[in-house]
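# What the coordinates show
Here is how the chains run, residue by residue.
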Amino acid sequence: MKNQKLLTSLVAAIALLLLPLLLQNFGNAWVRIADMALLFVLLALGLNIVVGYAGLLDLGYVAFFAIGAYMFGLLNSPHLTDYFPAIAAMFPNGLHTPLWVTIPAAAGLAGILGILLGAPTLRLRGDYLAIVTLGFGEIIRVFLNNLDHPVNITNGPKGISQIDPLTFFGYSLGKPHEFFGFRVESVSMYYYLFLSLVVISVIICHRLELSRVGRAWMAIREDEIAAKAMGINTRNLKLMAFGMGATFGGVSGAMFGSFQGFISPESFSLMESVMIVAMVVLGGVGHLPGVILGAVLLSALPEVLRYVAGPLQALTGGRLDASILRQLLIALAMIAVMLTRPRGLWPSPEHGKSLQNNRA
Amino acid sequence: MEIFLQQVINGLVLGSMYALIALGYTMVYGIINLINFAHGEVMMVGALTSWTIIGLMQESMPGTPGFIILLIALLISCVVAATLNFVIEKVAYRPLRNSPKLAPLITAIGMSILLQTLAMIIWKPNYKSYPTLLPSTPIDIAGAVITPTQVMILGFTAVSLAVLMWLVNYTKLGRAMRATAENPRVAGLMGVKPDMVISATFIIGAVLAAIAGVMYASNYGTAQHAMGFLPGLKAFTAAVFGGIGNLAGAVVGAILLGLIESIGAGYIGALTGGVLGSHYSDIFAFIVLIIVLTLRPSGLLGERVADRA
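Sequence order sets the numbering: in each chain, residues are counted from 1 along the sequence as written. Going through the entries in the order they are written, you letter the chains from A and number the ligands from 1. A pLDDT threshold of at least 70 governs which residues receive local features in this predicted model, and a stricter bar of 80 or more applies before side-chain atom pairs are shown or counted, although totals over entire chains, interfaces and linings include all residues. Hydrogens and water molecules were not included; the side-chain quantities draw on all heavy atoms of the structure.

Inclusion rule: UniProt positions are given in the numbering used here, feature names are shortened, and annotations may be inferred rather than shown by experiment.
By the naming in an unreviewed UniProt entry, chain B is Branched-chain amino acid ABC transporter permease, taken from Rhodoferax aquaticus. Regarding chain B, the UniProt comment filed under Subcellular location (unreviewed entry) reads as follows: "Cell membrane".

Under an unreviewed UniProt entry, chain A has the name ABC transporter ATP-binding protein and belongs to Rhodoferax aquaticus. Quoted verbatim from the Subcellular location (unreviewed entry) field of UniProt, the annotation for chain A is "Cell membrane".

Here it is as structure tokens:
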């Protein structure tokens with residue numbers, strides 16, 4: 001039994017490592033899809049800490065993603081030096097902040113904002129929290145959209161472009177490299193970076209789940225009053241869940257910024273938040289394999305459908321636009337999955353009562 | 001002062017439209033504890049249906065007075081929206097009544113995307129100009145102006161609210177609704193059919209949303225498949241603001257929200273010396289919401305839903 005498990009993980013690991021090299025042959029677009037899927041897995045893992053473990057429904061999670069992305073974008077693009085002569089004078093070669101400063105900065109700022117968001121919401125329960133976090137997400141987006149005036153910080157709806165690619169131990173991930181005579185494209189380089197981040201995150205999440213903190217979160221999720229009565233500091237633990245979730249969001253945002261090279265408020269709409277929640281719930285809230293499955297499905301599906309929707313469109317006589325058809329299929333899939341498997345595609349074997357509707 | 005009065009009028013009109021949508025949210029939430037994300041889309045369907053009907057009627061029966069056309073279009077879109085919401089509840093929410101709480105939330109989100117997509121297919125994604133059916137000469141009130149359309153919006157809202165309050169407080173259905181909101185199981189034992197009550201709630205909510213949709217489109221003169229999203233969000237905010245599950249709270253919350261938004265948008269430029277512009281109007285609602293909920297976690301008038309953690 002144990003051997004079999006080891007074998008499966010080994011096969012999976014090799015498959016994951018070879019995947020981009022295989023996909024590369026079909027074109028970089030496919031590797032890009034895999035990259036984005038990994039990035040969304042990272043985001044979903046972060047949100048899973050907040051929603052899955054602590055049971056706090058956060059509908060503004062994309063705000064932290066945005067903060068990370070903008071933090072990275074501002075520190076690694078010509079935008080600030082273009083608009084602020086003082087900064088241009090300080091950095092004559094342009095702002096190219098090293099990775100070891102930007103990533104902690106993005107993670108830290110997002111984490112602090114996560115705690116700041118958590119603080120006023122501590123007294124709120126359930127769906128009130130959902131609406132407040134939703135509002136927070138919108139506030140951040142409106143600011144990103146309008147902070148180009150009177151001082152141009154975010155460049156408004158035009159967004160920030162020419163963001164540097166990540167440089168990792170002297171390897172710029174922005175261009176292809178040769179390893180042992182094998183050409184690894186830039187997108188594949190990013191793939192390996194994201195994959196290692198996902199692996200690290202999975203380990204962190206798994207350890208958290210088993211730790212005292214994780215148990216306390218789950219106790220809060222099951223019954224907050226009982227948890228409090230048992231001496232759990234619900235305030236600190238809830239803030240910690242918000243902070244940790246936000247940190248994950250900040251890091252993945254920074255990755256997104258460098259990967260795309262361009263960011264604008266459009267990428268951080270409420271719809272994105274909702275999609276991340278959908279990933280977590282669709283896969284199986286609170287269960288790591290489920291969350292990963294949900295994130296991969298919902299992020300990769302629309303992109304893969306882009307290729308499938310063409311022929312399907314031809315079948316309908318070109319009446320339906322491919323993008324509309326794609327959206328239609330996603331919506332139908334979300335409804336169908338929830339109707340057939342209300343606890344998610346891959347739910348955890350033991351389930352808390354807070355996730356059951358004990359009203360009827 | 002004239003600017004202030006003008007913004008108050010605009011705020012009242014905006015708030016009354018939010019109120020109609022917010023009531024649908026709050027009734028559904030009060031009874032089955034579901035944030036019905038597709039509610040804004042029901043409003044959109046109502047608006048677009050009325051747009052089609054108005055187009056058809058203007059073509060086939062030229063010369064009919066504008067108000068009559070609008071009334072007929074309003075009635076038909078109410079019926080369409082009510083049928084739609086009835087079906088949505090039956091197909092997407094009822095099977096999940098006893099499932100984990102997040103499941104119906106996701107189907108509601110899926111439904112919202114589905115409705116927007118279908119509307120895009122049926123009505124095409126472009127903005128439609130919504131005809132002005134009422135006389136467009138504005139009425140002057142102490143220097144501020146109000147259009148006949150806005151008067152109609154206030155009138156329709158007042159009538160709808162009065163009918164709803166009568167329905168909830170003085171009819172058998174209303175009593176059944178209140179009983180189900182309190183405790184569906186006990187209500188069932190008392191001879192109330194919770195399933196029927198829930199269907200009725202969705203139908204009433206859809207009628208109010210369709211009215212709001214027609215009003216919204218006539219006020220702004222456009223209709224489009226994505227028009228329901230933001231008003232839906234604001235209306236939900238209003239419902240939470242007033243205390244969710246509380247009908248009077250939803251109305252008070254919505255009107256306050258409308259006032260805050262339009263007065264805020266009118267004055268923020270002057271107050272901050274032009275640093276912040278009226279682009280920020282969308283965030284007032286949320287900032288006020290966060291402040292209110294921090295001070296009063298169950299909304300301004302308190303919630304009517306019992307604590308079912």
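### Focus: the overall build of chain A
Our working definition: Helix numbers and strand numbers start at the N terminus; a helix is a DSSP run of H or I with at least 4 residues, a strand a run of E with at least 2. Contacts between residues were defined by any pair of non-hydrogen atoms, one from each residue, lying within 4.5 Å. Neither His nor the chain ends contribute to the count of charged residues, in which Lys and Arg are positive and Asp and Glu negative. Where a charge lies is defined by one atom per residue type: Lys uses NZ, Arg uses CZ, Asp uses CG and Glu uses CD.
Scanning chain A for helices and strands turns up 14 helices and four strands. Each principal axis of the C-alpha atoms in chain A carries an extent, and together these give about 60 × 50 × 50 Å. Of all intrachain contacts in chain A linking residues separated by at least 6 positions in sequence, the fraction that spans at least 24 positions is 74%. Between the averaged position of the 23 positive side-chain charges in chain A and that of its 18 negative side-chain charges there is a distance of 9 Å.

### Some thoughts on the overall build of chain B
For clarity, the threshold we go by: It is over C-alpha atoms that the radius of gyration is taken, and the globule rule equals 2.2 Å times the number of residues to the power 0.38. Under the scheme applied here, a residue whose accessible area is under 20% of the maximum for its type counts as buried, over 50% as exposed, and between as partly exposed, the area being computed with a 1.4 Å probe on protein chains only. Per-residue and other accessible areas follow the Shrake-Rupley method at a 1.4 Å probe size, with only the shown protein chains counted as cover for residues.
Tallying secondary structure elements over chain B gives 11 helices and four strands in all. Relative to a compact globule of 309 residues, whose C-alpha radius of gyration would be 19 Å, chain B shows 19 Å and is just as compact. Along the longest, intermediate and shortest principal axes, the C-alpha atoms of chain B span 60 × 55 × 35 Å. For chain B, the residues scored as buried account for 58% of the 309 residues in total. Nonlocal contacts in chain B, meaning residues at least 24 apart in sequence, comprise 78% of its contacts between residues at least 6 apart. Surface accessibility of chain B: about 12,200 Å² in total, with carbon and sulfur atoms responsible for 70%. Distance between charge centroids for chain B: 14 Å, based on 15 positive and 11 negative side chains.

### Focus on the interface of chain A and chain B
Keep this limit in mind: Once two parts are joined, some of their accessible surface, as seen by a 1.4 Å probe, is lost; buried area is that loss totalled over both. Salt bridge, as used here, is a side-chain nitrogen of Lys or Arg placed within 4 Å of a carboxyl oxygen of Asp or Glu. In protein, a polar contact means a hydrogen-donor-capable atom and an acceptor-capable atom, both N or O and within 3.5 Å, with residues adjacent in sequence counting only if both atoms are side-chain atoms; elsewhere, any N or O pair within 3.5 Å suffices.
Each partner contributes to the interface: chain A provides 49 residues, whereas chain B provides 60 residues. Across the interface of chain A and chain B, roughly 4,900 Å² is buried in total on both sides, 73% from carbon and sulfur atoms. Linking chain A with chain B are zero salt bridges. Inspection of the region where chain A meets chain B yields zero residue pairs in polar contact (both at pLDDT 80 or more). Elements represented by at least two residues in the side of chain A that touches chain B include exactly helix H7 (126–146), helix H12 (270–283) and helix H14 (322–340) of chain A. If you tally residues by element for the side of chain A that touches chain B, the top one is H7 of chain A, at 12 residues.

### Brief notes about the packing of helix H3 (residues 66–93) of chain B against helix H4 (residues 102–123) of chain B
Residues and elements named next belong to chain B. Put simply, the rule reads: Only the contacting stretch of a helix is used when fitting its axis, a line to C-alpha atoms as for every element, and angles between N-to-C directions run 0 to 180 degrees. What sets the label is the angle itself: under 35 degrees gives roughly parallel, over 145 gives roughly antiparallel, 65 to 115 gives roughly perpendicular, and the rest give oblique. By definition, any crossing whose near helix is turned counterclockwise from its far helix by less than a right angle is left-handed, and any crossing with a clockwise turn is right-handed. Lys, Arg, Asp and Glu make up the charged group, whereas Ala, Val, Leu, Ile, Met, Phe, Trp, Tyr, Cys and Pro make up the nonpolar group; the residues left over, Gly among them, are polar.
Where H3 contacts H4, the two axes come as close as 10 Å, and the packing angle between them is 135 degrees. Classed by the angle they form, the pair H3 and H4 counts as oblique. Pair H3 / H4 crosses with right-handed handedness. Touching Leu84, Ile88, Ala92 and Tyr93 of H3 are Pro104, Thr107, Ala108, Met111 and Leu115, all from H4. The class makeup of the residues in the contact of H3 with H4 is eight nonpolar, one polar and no charged.

### Quick notes on unusual backbone geometry
Most of the time, phi is negative for any residue but glycine, and the peptide bond is trans. Of note in the backbone geometry, Gln162 of chain A takes a positive phi value of approximately 55 degrees without being a glycine. Its location among the elements puts Gln162 of chain A in the loop between H7 and strand S1 (167–168). The phi angle at Lys124 of chain B is positive, at roughly 65 degrees, despite the residue not being glycine. Topologically, Lys124 of chain B is positioned in the loop between H4 and strand S1 (128–129). A relative accessible area of 47% means that Lys124 of chain B is categorised as partly exposed.

### A look at empty space enclosed by the protein
Let me state the cut-off plainly: Residues are said to line a cavity or pocket when one of their atoms sits within 4 Å of a point; the points come from a 1 Å grid over protein atoms alone, cavities being sets where a 1.4 Å probe fits but cannot get out and pockets being open sets with protein on both sides within 12 Å along at least five of seven lines. Grid points are joined across faces, edges and corners, and a volume is the space filled by probe spheres set on the points.
Counting across every chain of the model gives four cavities of 30 Å³ or more. Here the largest cavity defines a volume of roughly 80 Å³. Forming the boundary of the largest cavity are Ile131 and Leu134 of chain A together with Tyr25, Ile35, Phe37, Gly40, Glu41, Gly228, Phe229, Gly232, Leu233 and Phe236 of chain B. For the lining of the largest cavity, the secondary-structure elements that each account for two or more residues are H7 of chain A together with helix H2 (39–60) and helix H9 (229–242) of chain B.

### Quick notes on the pattern of salt bridges
For the structure on display, the rule yields seven salt bridges over all chains. Shared partners join several salt bridges into a network, and the residues in it are Glu89, Arg94, Arg97 and Asp195 of chain B.

### Quick notes on helix H6 (residues 172–182) of chain B
Residues and elements named next belong to chain B. For clarity, the cut-off: Directions are taken from the helix axis to each C-beta atom, and the arc is the one they span.
Taken together, the buried positions of H6 are occupied by Gly174, Ala176, Met177, Thr180 and Ala181. Take H6 and look down its axis: the buried residues cluster within an arc of 160 degrees, on one side only. Facing away from the buried side of H6 by more than 90 degrees, the exposed set consists of Lys172 and Arg175. Buried-residue contacts for H6 involve helix H1 (2–32), helix H5 (148–170), helix H7 (184–189) and helix H8 (194–220).

### Some words on the environment of Gly111 of chain A
Residue and element names in this part refer to chain A. Structurally, Gly111 is set in helix H6 (residues 99–121). In the structure, Gly111 is positioned 130 residues away from Ala241 in sequence and 9.9 Å away in space, judged by C-alpha atoms. Ignoring sequence-local partners within four residues, the contact set of Gly111 consists of Gly243, Ala246 and Thr247.

### With respect to the nonpolar core
Formally: To form a nonpolar core, buried Ala, Val, Leu, Ile, Met, Phe, Trp, Tyr and Cys residues must be joined to one another through side-chain atoms within 4.5 Å.
Phe268 of chain A together with Tyr93 and Ile106 of chain B are the most contacted members of the largest nonpolar core, which has 218 residues in total. The element contributing the most residues to this core is helix H2 (residues 28–53) of chain A, with 16 residues.

### Focus: the packing of aromatic side chains
Filter applied, for reference: Only Phe, Tyr and Trp rings are paired, with Trp represented by its six-membered ring, and only when their centres lie within 6.5 Å; those with planes under 30 degrees apart are stacked, over 60 edge-to-face, the remainder tilted. The criterion for a charge sitting over a ring is simple: Lys NZ or Arg CZ within 6 Å of the ring centre, and within 35 degrees of the ring normal.
By the definition in use, this model includes 13 aromatic pairs over all chains. Pairing Tyr70 of chain A with Phe268 of chain A gives two aromatic rings, centres 6.2 Å apart and planes at 55 degrees, and the pair type is tilted. Within this pair, whereas Tyr70 of chain A is found in helix H3 (residues 62–75), its partner Phe268 of chain A is found in the loop between helix H11 (234–260) and H12, the two being separated by 198 residues in sequence. In this structure, Tyr70 of chain A and Phe268 of chain A share a single accessibility class: buried. An angle of 40 degrees between the planes, with centres 5.8 Å apart, marks the rings of Tyr93 of chain B and Phe202 of chain B as tilted. In this pair, Tyr93 of chain B is assigned in helix H3 and Phe202 of chain B in helix H8, connecting sequence segments 109 residues apart. Per residue, the accessibility class of Tyr93 of chain B equals that of Phe202 of chain B, and both read buried. Grouped by ring-pair contacts, the aromatic residues Phe65, Tyr70, Phe256 and Phe268 of chain A constitute a single cluster. If you follow Lys128 of chain B out to its NZ or CZ, it ends over the ring of Trp51 of chain B, 5.7 Å from the centre.

### Focus: a nonpolar patch on the surface
Filter applied, for reference: A residue counts toward a patch only above 30% relative accessible area and without a salt bridge, and it is joined to like-charged neighbours within 9 Å or, for Val, Leu, Ile, Met, Phe, Trp and Tyr, to nonpolar neighbours within 5 Å.
A surface patch of nonpolar side chains, about 380 Å² in accessible area, is lined by Ile68, Ile72, Leu75, Ile76 and Val80 of chain B. Here Leu75 of chain B is to be found in helix H3.

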